Amino acid sequence: MTDAATRDDARKPAQVEAPLLRVSRLNKSYPTPQGPVAVLKGVDLTLARGESVALMGESGSGKSTLLHLVGGLDQADDGEIVIDGVDVTWLSDTGRAALRRETLAVVFQQFNLIPSLNLQANVAFQARLAGRFDPAWTDELIHRLKLQDLLERYPEQLSGGQQQRAAIGRALAVRPRLLLADEPTGNLDEATADDFMALALDVVAATGCAFLMVTHSERLAARLQRQVRLSAGQVRLSAGVINQP
Amino acid sequence: MSAKWIFFAALAFTSPALAQGYAGLGDDAGGFERVVPGKPLVFPQDFGAHPKFRTEWWYVTANLTDETGASYGVQWTLFRQASAPGEERQGWANQNVWMGHAAVTSASEHLFAETFARGGVGQAGVTAQPFRAWIDDWNFSAQDNAPPDSGLSRVKLSASGENFRYAFDLVADGPLVRQGDNGFSLKSDDGRASYYFSQPFYKIAGVLTLRGKEIKLSGRAWMDREWSTQYLAASQKGWDWFSLHFSGGEKLMLFRMRDTSGRDFRSGTWISADGATQKLDRDDIALTPLEQTPVAGRSVPTRWRLQVKSRGLDVETAPLNAASFMATSFPYWEGPIAFHGSQQGKGYLEMTGY
Amino acid sequence: MKQIFWTFVTLLSHWRRRPGNFFALFVGLAIATALWSGVQALNAQARKSYDRAASVFSGGGAQSLVPTSGATIPQELFVKLRLAGWKVSPALEATVLVRGTPFQLIGVEPLTLPRGGQLGGLVDGGDFSAFFAPPGQVIAPPEVLRDLGAKDGDRIALDTGKSLPPLRSSAQAPPGLLTVDIGVAQTLLGRPGQMSRLILRQPPDNDAPSLASVVGNALRLLPAGEEEADLKRLTESFHLNLTAFGLLAFLVGLFIVHAAFGLAFEQRLGMVRTLRAVGVSTRALAAALFGEVALLALVAGGFGVAAGFWLASALLPNVAASLDALYGARVAGGLTLDPTWLLSGLGIALVGALVAAAGGLAKALRLPILAAAQPFAWRQAQQVFMRRRAWLALLAFGAAFAAYLWGDSLYTGFAALAGLLFGAALLLPVLLSAALRLGESFSSAPLVNWFWADSRQQLPGLALALTALLLAFATNVGVGGMVEGFRQTFAHWLDERLAAEVYYEAAGAPEARRIEAWLATRPEVLAVLPSARTSVRLSGWPTEIFGMTPHETFRAHFPMIDQAPDAWEALQRGDGALISEQLARRLKLGLGSSLDLPTASGIWRVKVGGVFPDYGNPRGQARIDIDALTRHWPDAPRVSYGLRVAPQETPRLIAAMQAEFGEKIVRIADQAAIKKISTRIFEHTFAVTTALNTLTLVVSAIALLASLTTLGDTRLAQVAPVWASGVSRRRLAQLEFLRVLALTAATAVLAVPLGLGLSWCLVAVVNVQAFGWRLPFEIFPWQWAEILALALLTAAIASIAPILRFVRTTPAQLARIFANER
Ligand SMILES: Nc1ncnc2c1ncn2[C@@H]1O[C@H](COP(=O)(O)OP(=O)(O)O)[C@@H](O)[C@H]1O
Ligand SMILES: [Mg+2]
């Protein structure tokens, strides 16, 4: 109780402030030849500023779908997504493009980088696009992510781990308020994944943004502040252990 | 092949299909002059062409032997056929089409040639005096040194074809012979007829070049001249025609027009050695085929029994070459024959419509 | 067998999933086959017609006797020869005009015609008497009746006012000919008793009198096949041109097929690995892959052959018209389907497909089962590729230059052309890539920078399509320039050449003299310019000797390429000649060269005093003084005349002459009518060229469309990260569109210099080799603007579908690119 209260108290200021992300009663179904299949059935989720949350669940449970909706990559059927006090649920295509460009950033399991640009250009790309390119910050990111020797390389000339580090760099160069990651370590071996996680958490902390990451790995999930589990189309708050980083 | 119709028109009497197709030819004079009895023949005019009549021909056949005694036959024919009546038009517009046939027959070979010409330009034609019948380089004409009024009595004959060429001199040792009733030769019971005269008394000699080899030949020749407008009755499908030289100097012409009704029309002329004639009637004559020979995909009677009761004639004929077939645009059988029996001698047989 | 079957089925399943890829492959192969076999069909049809035309007179090796000089001979010679045992048949040929359109009329005598020949069989089954008894008959093939707009039994009026006999349609009639009886022809043409040729049924017997003993030297025996050989030689270059076009189009089509196969193999590498991993043998795999290629080739090739047949039928009228007008070669109008042609069409489709697929096949068969599925390291590969291309391009240019420098035939001319095009095709991606790199280095805005970089990455995928476009554009610039240049030159040349206002031909020499005397009394006639002509062979080449009056009119106007100062004086003296450019080139003659002309009485030597352009004449021509001609060729009839008249008097004079002389004038026309005919001749030729040109353009547009479609799938993965980074689909679509436009425009711009090179090659090398005359090289910038506009339009049309598809991609589909299960 005490522990729980302490934890609650610790979060209180954040809850008093409007949460960074509030997802309520979110519904999403996909059309299939057999008719629509509901994937998300009234999902509720809240993320405070600077909070890092691991989103877990069985394969096919809708984690990516949820992430895509939050990330402005796709449109929900019903419900509400509020980011930083702005309802983004029903944004237009252009509005969602602006949201992706300026407010948040996404890192996927693969295909994060633009194949025709080299690493440096890739890292700077979104920031430049958003008009928020900060050479010093980008440089810092590059160094923190240990990418400084790879700047001229093109995506297909990088290893999986390097590519994902560059993806994080590209995502954070824009100083998003929310970083979304969909199994960023899914294609990496355990050691590389750990390396990546360490660097990622480091730069996330340096950026001060909130972090929502989909992962299958309990071990990696445990390194985030909170874990939630998606099953049967709904989020069940996980009572999972919080490991201190 | 393309000239088929000419032959149809010229000899429309024999081919059944043609007889039908050219029914008009038989039924209707179509503006041409008709053949009527009692009209005397006039020489030398009648040696020449008669463009007012639809059809006519100059026909020479000869029975010859070489120096070893081997027999040969030679044929030379010029046909004229008019496509339209009326005044002869000049140049290419001329209505006449001419056709020449030439043939050489030995016991082992029968070679023939055919050629065509349009009237009006000089490629073929006939003049009466001096007599000249020609088509291309084929000639049947008065000899160069013959007197202008010699008519048909001293003539030369030449033609050529693939693998053969011949040139003969002919001299008549008897008079011209008018067939039928003084030259009016009836062909059917319903009055179809032709004007018809012959020169059966030719002595002939000359050279035949056969496959490059020159052969000196001599013997007897027979010329027929005939012109008509309506020749053939619809029911008549062909004819058998004989010209015979008896060893004693007499001559005989016989023909029968075969009729689908079964009632053939038969006629003939007995010619004594001095040229006197006796017309032979249907019932006086019996022509009996004895043996059929398959030739050119058909069956043709090549041996015959000929009988003329009033003259006591009863002979059997045999061809020199049973395959004497003229596979020309309009095909027929024509070749030399020899005969034995009550009389003997040589002659020519023509059979059409088989 | 089972193994092969299932492998085969599995391989084929790919196409169901990728209809775009299949479409590209199918269309590419079908079009390549269609263009190739279409051109083959045209050529085959033309050749068959030449043989048919030749068999008009021959058949079983019949020969012809033709006038030694002049156009016709009296028909008495025919009779003389017949009576001498020569199996000859008379014919009279001439061109007649029906409402200004020329038709070839031939008068024959059916009874003496060789039976084996075409005309011999023609009246077969028909009625001879209807053919030659007045009014006679015109036998013509159905297409001629169609051209005349007439039906069986109609009577057509010639422009001379005379009426043809009733028409009779016959499929066996010789192509393009109006066949009438010789008598009818003589009347129609106002040439009573004349003929232009005797057909010799069979070689005369040895014992027949010699030709000379019968007709003197009035007739010449044309060796069997000489006319056909002439016709074939004269038309050969035309067909070679056509073939070259067909080949070009075929290659463009193969580009598409190659690209489509390449992509299909690339996309199926995983599938192939899996197949091998589950135990499919290399042999079974090979059999299945080859089977697949063969199946596709047969299906697409079958469609292509059908389309080719249709194409050939559509082009045939113009091909036939230009062959007729240029060479007097008549081509039958009805295309017939020939099984060997069908098979060869399918064969070429199969060979083409195998060639296009060879690379992919080899790669698939050599693929190691366990290779790491690493993405294709295209960047290094591309650099090597570009460098190799640049070298090859240099090599091709070098070869082109060498062929130009040392070559001396139409083939080397085409080789130079091919080298030029090939080199340019190789160089295009290199140049475009360099340009894009340049753009990239100059741009700082992220999206613009990405635009350049991404275009460069897409280049290999689009290179083939762009190359096809380059070739098509360049051909358009080149051929367009050549055609336009020729049109202008030709119009000017005609103006100069046709200096006289009225041209006529008298029926014979006595008539000509009478007309001349009459004209002398007419005040409006400023000059009477007689001419005469005869034909000879110079070094085996048919050449016309043209006798002209060295009148002021010609001295002032007659267009010359090169002339000695005393050219006209020498001509007048009778020892000088003007020769056509063709003759000069073929016999390698120049000013001051001696030319030996074979006359009946021996060789006559003249000096070349001038060279004149003689566009479109397949024969050589030497012009000499008319009196000199009459001296050396006494038989050449002096019946053709030009008249100088005040232009406004022309119609009245023509009417007066026709009223006065009627049939004594065989032909009469004013300048304008002749110009119209001459111009139309070339329009037909160029209509074919233009049609093939346009088709090539269409093919390359399809290539572009196909490439964009096949790229579509890969494209998503390349664009998705940009989209995820916050660029809207609309913006991305705009950029895609812009990219295709920019690449196409760049290609079009590069096509201009290439097109000019091509044009130069055509006028200065190929045309000279093919036809013996050179065209001035001219530049038409407005045509380039047209090409550019056309290029942008092409690009826009080709990119619309793929871009619409992109715009319609749902976010869910885009997002799925990143989905982990992928
Ligand atoms: N575009 C789509 N069309 C149809 N079904 C889809 C689509 N995307 C995802 N799904 C389905 O929705 C469910 C959830 O998918 P996803 O969110 O990718 O799951 P997770 O990421 O949890 O593995 C799955 O069953 C998947 O098959
Ligand atoms: Mg997922």
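Definitions and limits used
- Residues numbered from 1 in each chain as written.
- Chains lettered and ligands numbered in written order.
- Predicted model: local features only at pLDDT ≥ 70, side-chain atom pairs only at ≥ 80, totals over all residues.
- Heavy atoms only, no water.
- Helix = DSSP H or I, 4+ residues; strand = E, 2+ residues; numbered from the N terminus.
- Buried < 20%, exposed > 50% of the residue type's maximum accessible area, 1.4 Å probe, protein only.
- Contact = heavy atoms within 4.5 Å.
- Areas by Shrake-Rupley, 256 points an atom, 1.4 Å probe, with all protein chains shown as cover.
- Pairing = 2+ DSSP bridges.
- Near = heavy atom within 4 Å.
- Polar contact = N/O pair within 3.5 Å; in protein donor to acceptor, adjacent residues only side chain to side chain.
- Salt bridge = Lys/Arg side-chain N within 4 Å of Asp/Glu carboxyl O.
- Buried area = accessible area lost by both parts, 1.4 Å probe.
- Expected span 1.5 Å × (residues − 1).
- Bend = angle between axes of the 7 residues up to and from the residue.
- Phe/Tyr/Trp six-rings, centres within 6.5 Å; stacked < 30°, edge-to-face > 60°.
- Lys NZ or Arg CZ within 6 Å of the ring centre and 35° of its normal.

What's the story with the overall build of chain C in this structure? I'm lost.
For chain C, the count of helices and strands is 25 helices and 20 strands. Here chain C holds 822 residues, and 57% of them are scored as buried. In chain C, the proportion of contacts linking residues at least 24 apart, taken out of those at least 6 apart, comes to 81%. Accessible area of chain C: about 33000 Å², with a carbon and sulfur share of 63%.

I would appreciate a short explanation of the pairing of strand S15 (residues 576–580) of chain C in the present structure.
A regular strand carries its side chains on alternate faces of the sheet. All names here are of chain C. Counting buried positions over the five residues of S15 gives five, a clear majority of the element. Here S15 shows a buried face lined by Gly 576, Leu 578 and Ser 580 and a second buried face lined by Ala 577 and Ile 579. Pairing between S15 and strand S17 (residues 602–612): five bridges, direction parallel. For Ser 580, the partnering residue across the bridge sits in S17 and is Phe 612. Summarising the sheet, S15 and strand S18 (residues 620–625) pair through two bridges and their orientation is antiparallel. What sits directly across from Ile 579, in S18, is Ala 622.

For this particular structure, what's the right way to read the site of ligand 1?
Residues and elements named next belong to chain A. Among the twelve residues in the neighbourhood of ligand 1, the closest are listed as Gly 60, Gly 62, Lys 63, Ser 64 and Thr 65. At 2.9 Å from an oxygen atom of ligand 1 is found a main-chain nitrogen or oxygen belonging to Gly 62. Ser 64 has a polar side-chain atom sitting 2.7 Å from an oxygen atom of ligand 1. Here ligand 1 loses 75% of its free accessible area of 550 Å² to cover by the protein chains.

How should I be thinking about the pattern of salt bridges in this particular structure?
Oppositely charged side chains can pair when the atoms bearing their charge come close. Inspection of the entire model under this criterion finds 47 salt bridges over all chains. Residue Asp 84 of chain A pairs with Arg 49 of chain A through a salt bridge whose shortest N-O separation is 2.4 Å. Taken together, the positions of Asp 84 of chain A in the loop between strand S4 (78–83) and strand S5 (86–87) and Arg 49 of chain A in the loop between strand S2 (37–47) and strand S3 (52–57) put the pair 35 residues apart, joining distant regions of the chain. We note a salt bridge from Asp 84 of chain A to Arg 177 of chain A, for which the minimum N-O separation is 2.3 Å. With Asp 84 of chain A in the loop between S4 and S5 and Arg 177 of chain A in the loop between helix H6 (160–172) and strand S7 (178–182), this residue pair connects regions lying 93 residues apart in the sequence. Given a relative accessible area of 37%, Arg 177 of chain A falls into the partly exposed group. Connected through salt bridges with shared partners, the residues Asp 240, Arg 256, Arg 258 and Asp 264 of chain B form a single ionic network.

Just checking my understanding: could you explain the environment of Thr 293 of chain B for this structure?
Residues and elements named next belong to chain B. Mapped onto the secondary structure, Thr 293 falls in strand S18 (residues 285–295). For Thr 293 and Arg 303, which are ten residues apart along the polypeptide, the C-alpha to C-alpha distance reads 8.7 Å. If we skip the residues at most four places from it in the chain, Thr 293 touches Arg 298, Ser 299, Val 300, Thr 302 and Ala 322. Within the structure, Thr 293 has its side chain in polar contact with the side chain of Thr 302 (distance 2.5 Å).

What's the story with the interface of chain C and chain A in this structure? I'm lost.
Many authors give the size of an interface as the accessible area that is lost as the parts come together. Taken together, the 33 residues of chain C in the interface contact 32 residues of chain A. Summed over both sides, the interface between chain C and chain A buries roughly 2800 Å², with carbon and sulfur atoms accounting for 56% of that surface. At the junction of chain C with chain A, the criterion picks out zero salt bridges. Seen at the junction of chain C and chain A, the total is three residue pairs in polar contact (both at pLDDT 80 or more).

Mind showing me how you'd approach helix H12 (residues 339–366) of chain C here?
Side chains three or four residues apart in an α-helix point the same way, a direct result of the helix having 3.6 residues per turn. Residue and element names in this part refer to chain C. Taking 1.5 Å of rise per residue, the 28 residues of H12 would be expected to cover 40 Å, and the 38 Å separating its terminal C-alpha atoms lies within 8% of that figure. Along its length, H12 reaches its greatest deviation from straightness, about 50°, at Ala 358. Along H12, the residues classified as buried are Trp 341, Gly 345, Ala 349, Gly 352, Ala 353, Ala 356, Ala 357, Gly 360, Leu 361 and Ala 364.

For this particular structure, what's the right way to read the packing of aromatic side chains?
Within a pair of aromatic rings, the relevant descriptors are the distance that separates the centres and the angle that separates the planes. Taken as a whole and judged by the stated rule, the model has 30 aromatic pairs over all chains. Both rings, one in Tyr 59 of chain B and one in Phe 79 of chain B, keep their centres 6.2 Å apart while their planes meet at 80°; by these two values the pair is edge-to-face. One end of the pair, Tyr 59 of chain B, is in strand S1 (residues 55–65); the other, Phe 79 of chain B, is in strand S2 (residues 71–82), with 20 residues separating them in the sequence. Owing to a relative accessible area of 8%, Tyr 59 of chain B belongs among the buried residues under this scheme. Given a relative accessible area of 2%, Phe 79 of chain B falls into the buried group. A centroid spacing of 5.2 Å and a plane angle of 70° characterise the contact between Tyr 404 of chain C and Trp 760 of chain C, whose relative ring orientation is edge-to-face. Within this pair, whereas Tyr 404 of chain C is found in helix H13 (residues 378–406), its partner Trp 760 of chain C is found in helix H23 (residues 729–771), the two being separated by 356 residues in sequence. Since its relative accessible area comes to 36%, Tyr 404 of chain C is described here as partly exposed. Here Trp 760 of chain C falls in the partly exposed class, since its relative accessible area comes to 30%. In this structure, Arg 128 of chain A is placed above the aromatic ring of Phe 133 of chain A, and the distance from its NZ or CZ to the ring centre is 4.6 Å.

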